[in-house]
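Tertiary structure, described
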Amino acid sequence: MSQTTVNPAARPAEARPPAGIAGLVGLGSAIAVLVAAGLTALSGARPAIALGLPDPGRLTTLGLPAVRALAEVSMVLTIGSLLLAAFLVAPQRSGYLDVAGYRAVRFGSYAAAAWAATALLLIPLSVADALGRPVGDVLDAGLLIDLIPRLSAATAWTLTALVALLVLVGTRMVLSWGWAVVVFSLALAGPLPVALTGHSAGGGAHDVATDSLVLHVLAASLWVGGLIAVIGLAARGARPADRSAALATAVPRFSSLALVCWIVLALTGVTNALIRVPFGDLVGSTYGRLVLGKIAALLALGILGALHRRRSVDAAARGETSALLRLGGVEVLLMLGTIGLAVALGRSAPPETGAPPPSVTEALIGYDLSGPPTLARLALDWRFDMIYGSLAIIAAVAYLAGVRRLRRRGDSWSPGRIVAWLSGCAGLLIATSSGLGRYSPAMFSVHMAEHMMLSMLVPILLVLGAPVTLALRALPPAGRTRPPGPREWLLSAVHSPISRWLTHPLVALPLFVGSYYALYFSDLFATALTQHWAHVAMNAHFLLVGALFFWPLVGVDPAPRRLPSVARLGIVFASVPFHAFFGVALMSANTVIGGEFYRSLALPWVPDPLRDQQLGGGLTWASGEVPLLLVVLVLLVQWARLDERSAKRDDRRADTDGDAELKAYNAMLHRLATGTGTPVAHEEDSRNVAGATPGDEHQVADDVAGDSTSASHVVSAVQTSSTADEAMPDKADEARPLVVGDDRRDTSP
């Protein structure tokens, strides 16, 4: 991970934050601890007593929210520091972090150490809280090892501590921009284990509650941590010129991100609150009053954010940081106090609504089913998926915005690609939010239908839409003198060693076909059935693996690894028997995969789960051949279009040079027939061509030597106006570099 070739003496001496930002963070952390512990004490929240367990004592009751508040603050500091290093300040042209980026990563290492330490402390505290015993009674290694896997909260904090420790190691070693992005991505996984447990993970509508909470926590981490990192950048005692240059990039970028995060926080917070507490109980219950407090804090932060955009963003981008430090300091204290409020809210139980207890189906999957999955219910009985439904809509809107930008400047974009991309987005929306997505957690047959759509049909349509090429043409290049932006980040991702490795046929093919067997013919699927987060992870796996498999085969975008047409066709045919055998194995199995879960649902229209599994196997075997047939047809069409473009290129060259190549070939045949010479490629051959004039030999040589260059220009011109089926480059296109200069507009198809 680290680059040992860098001279350690070149590292900046000032890696620790200055006293101003350290004092602000310390004060904010104290406020978060006091708010979390104080509101917990005032609310009288005793989860163990509510469950009939003895009181674990004040050390556990108040110590757990206090330590958790510190863990949450440390987490957002870590994520914000790595966000600054990865995307808010520019690296050096060599790819190494600059002074601001290195300082941010080093500060993130201190925050990650605190995050790991507090997460480790929360393991025995959560065990003691769950058992209703003083924390001193559970400080035994053997007892903790035995109890942690049985308690979801303790397991979540164990995973969080592991992520924090990995991030700590990464921040102490990383020096390059690429690895900073990797460590930042790892840090974003840290909030997930805890977010997937607690109030949102149980009871009715826990699918929507869990999805909204995950988005809520990630948005809050980016917003709060990013603001602290930007203020730290503004407060550091660096040279004014260097600080101004870094702020000119960081402040506008973070301002746009902060607005998006605030909108996500508002939508997901309201959604989660309405699921947990009815609107009428917001005032009459402790839980509701805490929710109102969070809403008020969010509104206040929105007002401060608007003031930032009006008064401090432009000034800070010019190096005038006084307004940013003033408003930002108040905003940081309010944000960290809100973290303490959120911790206290998590310790409070939602009010009793008097509603009947949820049914078995609602308790297991989050909602009830109205009847058997008829065609009408599959088509019309929708339940919007907050993660994948939102992703489908955002992807479609962003794609159309890119097409609009191209056409406004006079460039064309193939309608076939637009249809392919929008069809893929519609397929993703239907698979996860329509009746298919609603019945998928409860019935194996419907789950397999959703699986086939997500892993085969949707990825094929999406890669035919050429989203990478559209982004490269629509996004403005940063230029040679400006910091790299989204276009350069995308190019780095496409060219990264990870992309090249994942798109290798020996990796993509086993991932695509082998994951079926690893998931369904082991205990993974049976274990995942009871967890909503596992369903989200499975859908992500299906989409990503399908995209990695089909991108180099039929994708229009330039792939990190280009394969010959015959090799692509061979890989497709190689996957067919594995897929067919998987469907046959499901139909022939005598045991039910995840039988305990499906039998516990006791759906009246699924009297025999084995029959439903066999139906799922039949659907897998039958429906899986349709996308593969589509792939073969696309490859054949692309192959035919490739030959057609090659023929047109040859015709243009013949019109240019008077068909010199054919004349040279006829002359060679004439020499062979008459025995007047040896058919050796020599410049004198062109002089024997009938009708050749002095200098024609130079034209023939130039045609041969410049064939690949001229062909590249011709193919580029043809592909610009081609449809999605015509967009697969030939050998001349494969020789063309994927990345064009920063000062040139990308013209790849």
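Data block above holds the structure.
Throughout what follows, the structure given in this document is the object of discussion.

1. Considering the overall build of the protein chain
- Looking only at helices and strands, one finds 31 helices and zero strands in the protein chain.
- The buried share of the protein chain, taken over its 749 residues, is 49%.
- A separation of at least 24 residues holds for 78% of the contacts in the protein chain among residues at least 6 apart in sequence.
- About 33,600 Å² of surface is accessible on the protein chain, with carbon and sulfur atoms providing 66% of the total.

2. Here's the deal with the packing of aromatic side chains
- Evaluation of the coordinates by the stated rule reveals 17 aromatic pairs.
- With a centroid separation of 5.8 Å and 75° between ring planes, the pair formed by Phe87 and Phe184 is classed as edge-to-face. Of this pair, Phe87 sits in helix H3 (residues 58–88) while Phe184 sits in helix H7 (residues 177–188); the two residues are 97 residues apart in sequence, bridging distant segments of the chain.
- Owing to a relative accessible area of 7%, Phe184 belongs among the buried residues under this scheme.
- Geometrically, the ring pair formed by Phe597 and Tyr598 is edge-to-face, given 5.6 Å between the ring centres and 70° between the ring planes. The same class applies to Phe597 as to Tyr598, namely buried.
- Within the aromatic cluster, the residues linked to one another by ring pairs are Phe444, Phe512, Tyr516, Tyr517, Tyr520, Phe521, Phe525, Phe549, Phe550, Phe581 and Phe582.

3. As for a nonpolar patch on the surface
- Side chains of Val283, Leu292, Ile295 and Leu299 sit close together on the surface and give an oily, nonpolar patch of about 340 Å² of accessible area.
- Summarising the element assignment, Leu292 is placed in helix H11 (residues 286–317).

4. What about the pattern of salt bridges?
- Evaluation of the coordinates by the stated rule reveals six salt bridges.
- The shortest N-O distance in the salt bridge between Asp381 and Arg438 comes to 3.4 Å. One end of the pair, Asp381, is in the loop between helix H14 (375–380) and helix H15 (388–408); the other, Arg438, is in helix H17 (residues 435–439), with 57 residues separating them in the sequence.
- On the accessibility criterion, Asp381 (17% relative accessible area) is buried.

5. Concerning the packing of helix H6 (residues 152–173) against H7
- The geometry of H6 relative to H7 is characterised by a closest axis approach of 9 Å and an angle of 165° between their N-to-C directions. Considered as vectors, H6 and H7 are oriented roughly antiparallel to each other. By crossing handedness, the relation of H6 to H7 is classed as left-handed. Between H6 and H7, the contacting residues are Val163, Leu166, Val167, Gly170 and Thr171 on the first element and Val183, Leu186 and Ala187 on the second.
- For the contact of H6 with H7, the per-class residue count stands at six nonpolar, two polar and no charged.

6. As for helix H9 (residues 206–235)
- Between its first and last C-alpha, H9 extends 43 Å over 30 residues, near the 44 Å set by a 1.5 Å rise per residue.
- By the criterion of burial, H9 is predominantly enclosed, with 25 of the 30 residues buried.

7. Looking at the side chain of Ser445
- One can find Ser445 in helix H18 (residues 444–464).
- Residue contacts for Ser445: discarding those within four places in its chain leaves Asp612, Leu615, Gly616 and Leu619.

8. Considering the nonpolar core
- Trp413, Phe512, Tyr520, Phe525, Phe550 and Val554 are the most contacted members of the largest nonpolar core, which has 78 residues in total.
- Looking at this core, the element that brings in the most residues is H18, giving twelve residues.
- Here Phe512 is in contact with Ser455, Met456, Val545, Gly546, Phe549 and Phe550, once residues within four sequence places are set aside.
- Ile21, Leu88, Val224 and Ala266 belong to the second largest nonpolar core, which has 68 residues in total.

9. Notes on unusual backbone geometry
- Although it is not a glycine, Ala466 adopts a positive phi angle of roughly 55°.
- Looking at the element boundaries, Ala466 is found in the loop between H18 and helix H19 (467–474).
- For Ala602, which is not a glycine, the phi torsion comes out positive at approximately 55°.
- Positionally, Ala602 belongs in the loop between helix H26 (595–601) and helix H27 (609–657).

10. Considering helix H22 (residues 505–520)
- With 16 residues, H22 should cover 22 Å at 1.5 Å per step; its first-to-last C-alpha distance of 23 Å lies within 8% of that length.
- Its axis deflected by about 40° at Gly514, H22 carries its strongest bend there.
- Every buried residue belonging to H22 is among Val507, Ala508, Leu509, Phe512, Val513, Ser515, Tyr516, Leu519 and Tyr520, and all of these are buried.
- The elements touched by buried residues of H22 are H18, helix H21 (497–502), helix H23 (524–528), helix H24 (532–554) and helix H25 (565–588).

11. Here's the deal with the packing of H18 against H22
- At a closest axis distance of 13 Å, the pairing of H18 and H22 adopts a crossing angle of 155°. By the angle class used here, H18 and H22 are roughly antiparallel. Viewed along their axes, H18 and H22 form a crossing whose handedness is right-handed. Every residue of H22 that contacts H18 at Phe444, His447, Met448, His451, Met452, Ser455 and Met456 is listed here: Phe512, Tyr516 and Tyr520.
- Among the residues making up the contact of H18 with H22, the classes are represented as seven nonpolar, three polar and no charged.

Basis of the calculations
- Residues numbered from 1 in each chain as written.
- Predicted model: local features only at pLDDT ≥ 70, side-chain atom pairs only at ≥ 80, totals over all residues.
- Heavy atoms only, no water.
- Helix = DSSP H or I, 4+ residues; strand = E, 2+ residues; numbered from the N terminus.
- Buried < 20%, exposed > 50% of the residue type's maximum accessible area, 1.4 Å probe, protein only.
- Contact = heavy atoms within 4.5 Å.
- Areas by Shrake-Rupley, 256 points an atom, 1.4 Å probe, with all protein chains shown as cover.
- Phe/Tyr/Trp six-rings, centres within 6.5 Å; stacked < 30°, edge-to-face > 60°.
- Patch = residues over 30% accessible without salt bridge, like charges linked within 9 Å, V, L, I, M, F, W, Y side chains within 5 Å.
- Salt bridge = Lys/Arg side-chain N within 4 Å of Asp/Glu carboxyl O.
- Axes fitted to C-alpha atoms, helices over the stretch in contact; angles between N-to-C directions.
- Parallel < 35°, antiparallel > 145°, perpendicular 65-115°, else oblique.
- Left-handed = near helix turned anticlockwise from the far one by under 90°.
- Nonpolar A, V, L, I, M, F, W, Y, C, P; charged D, E, K, R; others polar.
- Expected span 1.5 Å × (residues − 1).
- Core = buried A, V, L, I, M, F, W, Y, C linked by side-chain atoms within 4.5 Å.
- Bend = angle between axes of the 7 residues up to and from the residue.

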